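Take a look at the letters that make up each chain.
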Amino acid sequence: RSLRLTGCSLLTGRGIGPLRESTVLERVDISLVKTRDHRPGACLLELGQVLPVLDSIIANKENKLRHIQLPKKWRNEKDASLDGFIGRYNRALDLSTKECCQCEEEAEPILHEDGDRYGVQSATCYKCLREFCFGEESSCQDDWESEVEYCPCCEKYFCHQCCPVFWCSKCDETISCEDCWECTWCSVDDCSDPG
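Residues numbered from 1 in each chain as written. Predicted model: local features only at pLDDT ≥ 70, side-chain atom pairs only at ≥ 80, totals over all residues. Heavy atoms only, no water.

Colleague: Just checking my understanding: could you explain the overall build of the chain for this structure?
Modeller: A tally of helices and strands in the chain yields 4 helices and 9 strands. Put simply, the chain runs from its N terminus to its C terminus through helices and strands in the order β-β-α-β-α-α-β-β-α-β-β-β-β. Each of the 195 residues in the chain was classed as buried or not, and the buried ones make up 43%. Excluding contacts between residues fewer than 6 apart, the proportion of contacts in the chain whose partners are at least 24 apart in sequence is 61%. About 10,300 Å² of surface is accessible on the chain, with carbon and sulfur atoms providing 45% of the total. (Helix = DSSP H or I, 4+ residues; strand = E, 2+ residues; numbered from the N terminus. Buried < 20%, exposed > 50% of the residue type's maximum accessible area, 1.4 Å probe, protein only. Contact = heavy atoms within 4.5 Å. Areas by Shrake-Rupley, 256 points an atom, 1.4 Å probe, with all protein chains shown as cover.)

Okay, structure coming up:
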């Protein structure tokens, strides 16, 4: 139910055609980020090969897709075709009813359409795929801040039950999730203290 191309940095995307219109995939991680290896340039995946397959999946009304992790290279380049896909994916997420795992409000998963987290999915735990409400009127917004963390290394959101995110004991900045922990040191004001 998951496609993870972690560490497959030589793939171009030409072989993923059989995944078109999948009704089984729940998670697609094409970020290519290995644990403890966060080089953004190590991606050969071609937008023109991959986006049509992803589009066919989200266009299928029977799809089960709940989380996409896009390559950093694509997110840095901000191609117009990726902008269009992000909008279509967010509309597909809006069409499916999802309940917050903490309350009875509607969950609001989304791929960020701008800003520092452009192309990063929020309001969904990367590991367990639990979804959260997150908005001005949400009844558990305060819980969101305490129950879900963002790892700045792999750029994924996690709930505390699945993957704790560590903080620097010296400066209180987010360092990384447990999967990225060994390669990450605090770099705020040259702190260099691994908490």
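After that view, the rundown keeps rolling.
Colleague: Help me understand the pattern of salt bridges, please; the structure alone is not making it clear to me.
Modeller: Opposite charge on two side chains permits pairing when their charged atoms draw close. Under the definition given, this model contains 7 salt bridges. The closest approach of N and O atoms between Asp 29 and Lys 156, which form a salt bridge, is 3.3 Å. Of this pair, Asp 29 sits in strand 2 (residues 27–29) while Lys 156 sits in strand 7 (residues 156–159), placing them 127 residues apart in sequence. Across this residue pair, the class does not change: Asp 29 and Lys 156 are buried. Members of the salt-bridge network, linked through shared partners, are Lys 72, Arg 75 and Glu 155. (Salt bridge = Lys/Arg side-chain N within 4 Å of Asp/Glu carboxyl O.)

Colleague: Which parts of the structure should I look at to understand unusual backbone geometry?
Modeller: Only a minority of non-glycine residues have a phi that is not negative, and only a minority of peptide bonds are not trans. Of note in the backbone geometry, Ala 123 takes a positive phi value of approximately 65 degrees without being a glycine. Checked against the element boundaries, Ala 123 lands in the loop between strand 5 (121–122) and helix 4 (141–147). Phi is positive for Glu 155, which is not a glycine, with a value near 60 degrees. Accessibility expressed as a relative area gives 9% for Glu 155, which makes it buried.

Colleague: Before we go on, may I ask you to explain the nonpolar core in this structure?
Modeller: Note on soluble globular proteins: their nonpolar side chains tend to be buried together. Ile 30, Leu 70, Trp 74, Leu 82, Phe 85 and Tyr 89 are the most contacted members of the largest nonpolar core, which has 26 residues in total. Breaking this core down by element, the ones donating at least two residues are helix 1 (47–59) and helix 3 (80–95). In terms of residues, this core owes the most to one element, helix 1, which gives 7 residues. Here Leu 70 is in contact with Ile 30, Ser 31, Arg 75, Leu 82, Ile 86, Leu 111 and Gly 119, once residues within four sequence places are set aside. (Core = buried A, V, L, I, M, F, W, Y, C linked by side-chain atoms within 4.5 Å.)

Colleague: I tried to follow the layout of surface pockets on my own but got confused; where do I start?
Modeller: If you roll a probe as big as a water molecule over the atoms, it shows you where there is empty space left. The calculated volume of the largest pocket comes to roughly 340 Å³. Taken together, 17 residues make up the lining of the largest pocket; nearest its centre are Ile 58, Asn 60, Asn 63, Ala 92 and Leu 95. Of all the secondary-structure elements, those providing two or more residues to the lining of the largest pocket are helix 1 and helix 3. Residue contributions to the lining of the largest pocket peak at 6 residues, all from helix 3. Residues belonging to the lining of the largest pocket are distributed by class as follows: 7 nonpolar, 3 polar and 7 charged. (1 Å grid on protein atoms, 1.4 Å probe; cavity = no way out; pocket = protein on both sides within 12 Å on 5 of 7 lines; lining within 4 Å. Points joined across faces, edges and corners; volume = space filled by probe spheres on them. Nonpolar A, V, L, I, M, F, W, Y, C, P; charged D, E, K, R; others polar.)

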